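# Secondary and tertiary structure notes
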Amino acid sequence: MAETTFDRHDSTHIVWDWNGTLLNDNHANLAAVNAVCELFGRDPVELDHWRSVFRRPLIPCYEELLGRAFEEGEWERAERHYDSSYQELLPSCELTAGVPDVLREWTRGGGTQSLLSMASHDHLVPLIEERGLTGHFTRVDGRQFQTEDDSKAEHLVRHLEHQGIDPARVVLIGDIDDDARAAREAGARSILVTSGLMSRARLEATGSPVVDSPAAAVAALRGA
């Protein structure tokens with residue numbers, strides 16, 4: 001298993017992921033995935049199965065799930081159907097256990113933090129405000145542009161550049177292997193939590209430390 005401690009003095013800024021990390025929304029994600037499955041005539045899947053196959057880029061992931069390639073316009077239709085189903089269940093999604101206390105504690109300890117999500121920026125920003133979390137973050141960014149490989153990496157580079165933050169001082173805390181990739185390519189580090197959309201085995205395969213919660217991630221970062 002990967003080492004789960006860092007030198008607190010080397011890491012002063014956390015970049016948090018949102019879905020599956022600070023927000024406990026697995027049930028909404030799964031319902032939305034199964035709505036897409038129903039739309040395309042595929043049997044519903046269980047969460048453990050989805051956690052074993054989910055990945056970025058999303059289009060080939062869904063094509064594998066559905067057992068066929070998308071025809072013209074079908075991916076956009078799938079996206080709309082997913083979003084509609086997810087939005088219906090979003091009010092039932094609670095913050096992950098320990099949030100927002102862990103955000104307050106990190107700030108009290110002298111650290112800074114921001115939020116970066118691959119959710120739409122226009123959707124994310126008001127949602128963070130509604131949850132009363134905006135004041136904890138130096139910056140909140142959702143997805144504002146498309147990339148060829150559908151990775152968070154370029155978004156993270158831009159997120160840090162806008163704030164003038166040295167990536168060597170940054171730890172990204174997220175729930176999928178693309179979070180580890182993004183941190184590595186940006187020159188930062190990562191800690192992954194098992195509360196989201198990937199199994200522990202897949203997270204550990206990245207070589208990043210893997211823990212069970214945001215609170216445990218911060219404890220590992222502090223060397224507790």
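Residues numbered from 1 in each chain as written. Predicted model: local features only at pLDDT ≥ 70, side-chain atom pairs only at ≥ 80, totals over all residues. Heavy atoms only, no water.

In the annotation of an unreviewed UniProt entry, the entry for the protein reads Haloacid dehalogenase domain protein hydrolase, and the organism field reads Nocardiopsis dassonvillei.

## Side note on the pairing of strand E1 (residues 13-16)
Side-chain alternation along E1 places His13 and Val15 on one buried face and Ile14 and Trp16 on a second face that is also buried. Relative to strand E4 (residues 112-120), E1 is paired through 4 bridges, and the arrangement is parallel. From the neighbouring strand, Trp16 faces E4, where its bridge partner is Leu115. (Buried < 20%, exposed > 50% of the residue type's maximum accessible area, 1.4 Å probe, protein only. Helix = DSSP H or I, 4+ residues; strand = E, 2+ residues; numbered from the N terminus. Pairing = 2+ DSSP bridges.)

## So, the packing of aromatic side chains
According to the stated counting rule, one finds 6 aromatic pairs in the structure shown. Taking the centre distance of 5.6 Å and the plane angle of 70° together, the rings of Phe40 and Phe70 count as edge-to-face. Here Phe40, found in the loop between helix H1 (26-39) and helix H2 (47-53), pairs with Phe70, found in the loop between helix H3 (58-66) and helix H4 (74-89); they are 30 residues apart in sequence, far enough to count as distant. With respect to burial, Phe40 and Phe70 carry one shared label: buried. Through a chain of ring-to-ring contacts, the aromatic side chains of Phe40, Trp50, Phe54, Tyr62, Phe70 and Trp75 assemble into a single cluster. (Phe/Tyr/Trp six-rings, centres within 6.5 Å; stacked < 30°, edge-to-face > 60°.)

## Some details on empty space enclosed by the protein
Across all of its chains, the model carries 1 cavity of 30 Å³ or more by this definition. In this structure, the largest cavity spans a volume of roughly 40 Å³. Together, Leu116, Asp141, Gly142, Gln144, Phe145, His155, Arg158 and His159 line the largest cavity. Ranked by residue count, the leading element in the lining of the largest cavity is helix H7 (residues 153-163), at 3 residues. Its residues assigned to classes, the lining of the largest cavity comprises 2 nonpolar, 4 polar and 2 charged. (1 Å grid on protein atoms, 1.4 Å probe; cavity = no way out; pocket = protein on both sides within 12 Å on 5 of 7 lines; lining within 4 Å. Points joined across faces, edges and corners; volume = space filled by probe spheres on them. Nonpolar A, V, L, I, M, F, W, Y, C, P; charged D, E, K, R; others polar.)

## Some points on helix H10 (residues 214-221)
Burial in H10 covers these residues: Pro214, Ala217, Val218, Ala220 and Leu221. The buried residues of H10 occupy an angular sector of 160° when projected down its axis, which confines them to one face. Buried residues belonging to H10 abut E1, helix H5 (101-108), strand E6 (170-174), strand E7 (189-193) and strand E8 (210-211). In the segment just after H10, Gly223 is the residue with positive phi, at about 80°. (Arc of directions from axis to C-beta. Contact = heavy atoms within 4.5 Å.)

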